[in-house]
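Report on the structure
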Amino acid sequence: MTMQLTAWKRAVSNLNTPSPKDLSRINGSNSLSFRSARSTANSGWYSVTFASPYTSISKSQKQKKSLDRDFFLSVLETSVTKRDAKAYMNKFVPLLEKKGATGFKERATLTRPASNKNITEEAVIPDAAVEKKHPIQAPKLETDVAIQLPLYVALVKFRAPQEVDDATLDGVGKTLGQLRKLGLISIVVVDCGTSEQNDAAQRQIASMQANRIAMAIDKYDAPGARVIDSPITIDTPTEGESSPFTSRGLFVGNPNDLMAALQEEVVPIISSFGYTSNACTVKPVNVNDIILALTRQLSGLQFLGQPVEDSKAIQTSRLAEVYRLIVLDPLGGIPAKNRATGRHLFLNLEQELPEVRNDLTSILPGLDGPSTDNLQHLENAELTKNVLSLLPPTSSAVITTPQEVANERDLQDNSVDWALVGTRRGQNPLIHSLLTDKPVQSSSLPSERFRPVTSSTGMAQIGSLTTLVKRGMPLTVYPDPRVTPWQPPKLGDRGLNLTDPCIDLPRLVNLIEDSFGRKLDVDHYLKRIEGNLAGVIIAGEYEGGALLTWEKPPGLDESEADDPSRLVPYLDKFAVLRKSQGAGGVADIVFNAMVRGCLPEGVCWRSRKDNPVNKWYFERSRGSLKFKDMNWAMFWTTPNLALDGRRFRDYESVCRSIEPSWADNKPVVD
């Protein structure tokens, strides 16, 4: 009833009475029609006035320009680096160019007018000859117009859309349309979460919400959306251990409607129901199982319900490729206890999933078990793990709220002061993650870098409620700070050495040389850090890493030299393989491990003043100092370091005195 009332109000609002000024601009208009409409309006009755086609075109163009402007602003507001832009263009631009060329060719062929000569000749040619002649035909979709490159698809789990108001839902529809313009087509699976009701009531609610979503997408972009019949077939589950790679009794049995919608670039919307394989009865299905079934189908990993020689099924599975999982949940991203924002801005599943499980299943005092919200967060985290395990390592998932996706400025509001960071709207998390493959805000920023932003509800919040999830990589730390905290060594203690069996020294040297682009003098370096190595952090298979030392400030007397409190924690080497720089969050993973788990009380390092990475260092440090007489800049994460004069001088003297260990005979840049 609410939807009908809203639709009626919108229909009435569109019955605008033209002004005399507008009528004077339209050829063929007369004042009588205006007087009649005005007098009818004054009498309290509504009359349907057929506006001039010129007026309709003007309004349509104005609306299109407004939407285009909003789309361009959403893209321009994203902080895209040159490396990010190159990665996006290499991935999506070939597909967009192919689609553009194909669409132009198809339209040109279908709309090409026949010449008078051809019409005359065909009029006098006998029927027998006409049958032999092959007229110009539109190209076939299977051959000429077929896009060889696969379509990139985002699987969208939309939980509790009935809790989302129409304005927010319109914003979500606009964002999904903008993603399509950028080359990413969405498949929306609706999860109303009404399992306590009977099947008929569940189907009615799901159908209504699916149509609401379709209307929101249709409103802003063509070719719009389409509510399709569920392609899911429910089979008898097989016995044995279940995993994301098995069917779990569900598979895509009828992909025709789904693939037809994708070929037409229409957003398919699916309710969380399926058909039994034996009686074709409709049954509710867990939305997470539907997402997994679609992932297996589009990844070519579904082997149930189709013969091996089914070439059509193989062809449809190659037509689209799952690039991203999107979870729209009113609860937002995965919560975190030890984060300034209270959320995981970036979740490295290989490293942090056990911590997430432990936090979300912990029982608070006075409760019998984990809260309902925590169980829902855990369900979302497990879904991302299962889906990403079926996809390439470069794939990712985004968990966010519909409000953040729909967060936008009024198109008619030009009074926003863009210099006020605290009041400007946040970046759209879906567009930002597509263009950069990074979280909206870096997870390695110190807490004071997170400025309050105005949420969609008008309340101030610290940081974003969005979590970017990746399969990530394991993190190895020597020594493990959870077992052996990193502390200054005592006299006579044997510390860690790079020649220990736990460290692969050749791979570590290769990581450093590849990252810095310089040859390392290994012997000199080993002698310099011998006995003062604090620890080593390794990301993945030596894709990134950090070497930290305890440095003794020069000029100390004998009584001070043996004092462990005078040793300075120093980041000696911070390296990421060039192929992994700017992607995958390798640098953030290593930096977070260093400042949160290993040396939470602070660390310092130095960098050349002209180092292009300094912007990244400035953002993540609590302070910096540029030496006037040297080409070095010092950074630190130690809180309130400037208030401790002796400690500050120790940091400065260490950063000034470290001797480089490069073997390329290049002079030190001072």
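Residues numbered from 1 in each chain as written. Predicted model: local features only at pLDDT ≥ 70, side-chain atom pairs only at ≥ 80, totals over all residues. Heavy atoms only, no water.

This paragraph deals with the nonpolar core. One finds Ile269, Ile537 and Leu548 to be the most contacted residues of the largest nonpolar core, which totals 68 residues. With eight residues, the top contributor of residues to this core is helix α20 (residues 586-598). Setting aside residues no more than four positions away along its own chain, Leu548 makes contact with Trp486, Leu533, Ala534, Gly535, Ile537, Tyr570, Leu571, Asp572, Met594, Leu599 and Val603. Within the second largest apolar cluster, 43 residues are counted, among which are Ile187, Ile228, Ile234 and Leu258. (Core = buried A, V, L, I, M, F, W, Y, C linked by side-chain atoms within 4.5 Å. Buried < 20%, exposed > 50% of the residue type's maximum accessible area, 1.4 Å probe, protein only. Helix = DSSP H or I, 4+ residues; strand = E, 2+ residues; numbered from the N terminus. Contact = heavy atoms within 4.5 Å.)

Sheet architecture is open: four strands sit in the order β5-β4-β7-β8, paired in mixed fashion. Edge positions in the open sheet fall to β5 (250-252) and β8 (282-284), since each of these has one partner strand only. Pairwise comparison of adjacent strand axes, ignoring direction, gives a mean angle of 45 degrees for this sheet. Along the sheet face, helix α9 (residues 199-220) touches β7 (273-276) and β8 and points at about 80 degrees away from the line of β8. On top of the sheet, helix α11 (residues 287-298) reaches β4 (232-234), β5 and β7; it is set at about 45 degrees to β5, its chief contact. (Pairing = 2+ DSSP bridges. Axes fitted to C-alpha atoms, helices over the stretch in contact; angles between N-to-C directions.)

One pass over the full model with this rule turns up 21 salt bridges. Of the charged contacts in the structure, one is a salt bridge between Asp437 and Arg324, with a shortest N-O distance of 3.1 Å. You can see Asp437 sitting in the loop between α16 (429-436) and β12 (452-454) and its partner Arg324 sitting in strand β9 (residues 320-328), a full 113 residues away along the chain. One continuous salt-bridge network, built from bridges that share partners, spans Arg528, Glu551, Asp572 and Lys573. (Salt bridge = Lys/Arg side-chain N within 4 Å of Asp/Glu carboxyl O.)

Once that is clear, we can look at the packing of helix α8 (residues 166-181) against α16. The interhelical angle for the contact between α8 and α16, taken along N-to-C directions, is 15 degrees, at an axis separation of 10 Å. As judged from the angle between their axes, α8 and α16 are roughly parallel. Considering the relative orientation of α8 and α16, their crossing is right-handed. In contact with Thr175, Gln178 and Leu179 of α8, α16 contributes Leu430, Ile431 and Leu434. Among the residues making up the contact of α8 with α16, the classes are represented as four nonpolar, two polar and no charged. (Parallel < 35°, antiparallel > 145°, perpendicular 65-115°, else oblique. Left-handed = near helix turned anticlockwise from the far one by under 90°. Nonpolar A, V, L, I, M, F, W, Y, C, P; charged D, E, K, R; others polar.)

It is worth spelling out α8 at this point. A rise of 1.5 Å per residue sets the reference length of α8, with its 16 residues, at 22 Å; its end C-alpha atoms lie 23 Å apart and thus fit the reference within 8%. Counting buried residues in α8 gives 13 out of 16 residues, a clear majority hidden from the surface. Capping the start of α8, Asp165 holds a side-chain oxygen 3.1 Å from the backbone nitrogen of Ala167, two or three residues further along. Phi turns positive, to about 105 degrees, at Gly183, one or two residues after α8. (Expected span 1.5 Å × (residues − 1). Polar contact = N/O pair within 3.5 Å; in protein donor to acceptor, adjacent residues only side chain to side chain.)

Taken in spatial order, the eight strands of this open sheet run β3-β6-β2-β1-β9-β11-β14-β10, and their pairing is mixed. In this open sheet, the two edge strands, each paired with only one partner strand, are β3 (225-227) and β10 (346-348). Geometrically, the sheet is characterised by an average inter-axis angle of 25 degrees between neighbouring strands, direction not taken into account. Here strand β11 (residues 396-400) runs beside strand β14 (residues 467-470); their pairing, made up of four bridges, is antiparallel. Residue pairing for β14: Ser396 is matched across the bridge by Lys470. Strand contacts of α11: β1 (151-159), β2 (184-191), β6 (267-271) and β9, with the helix running at about 175 degrees to β1, the strand carrying the most contacts.

Time to look at α16. Among the eight residues in α16, eight count as buried, and that is most of the element. Looking only at α16, the buried set comprises Pro429, Leu430, Ile431, His432, Ser433, Leu434, Leu435 and Thr436. With a side-chain oxygen positioned 3.1 Å from the backbone nitrogen of Leu430, the residue opening α16 is Asn428. Just past α16, the residue Asp437 takes up positive phi, approximately 55 degrees.

Model confidence for the protein chain is summarised by a mean pLDDT of 78, while 70% of its residues fall at 70 or above. Overall, residues 7-55 carries pLDDT values under 50, and its contacts beyond four positions in sequence, including any with other chains, amount to 19 contacts. Counting contacts from residues 113-147, a segment whose pLDDT is below 50, to residues more than four positions away or on other chains yields 20 contacts. (pLDDT = per-residue confidence, 0-100.)

Moving on: unusual backbone geometry. Of the consecutive residues Tyr478 and Pro479, the connecting peptide bond is found in the cis state with omega at -15 degrees. Here Pro479 lies in the loop between β15 (475-478) and α17 (505-516). Of note in the backbone geometry, Glu265 takes a positive phi value of approximately 60 degrees without being a glycine. Along the chain, Glu265 turns up in the loop between α10 (256-263) and β6.

Next up on the list: the side chain of Ser442. Within the secondary structure, Ser442 sits in the loop between α16 and β12. For Ser442, a relative accessible area of 14% puts it in the buried group. At a separation of 3.1 Å, a polar atom in the side chain of Ser442 contacts the side chain of Ser444. For Ser442, the side chain forms a polar contact with the side chain of Arg620, separated by 2.7 Å.

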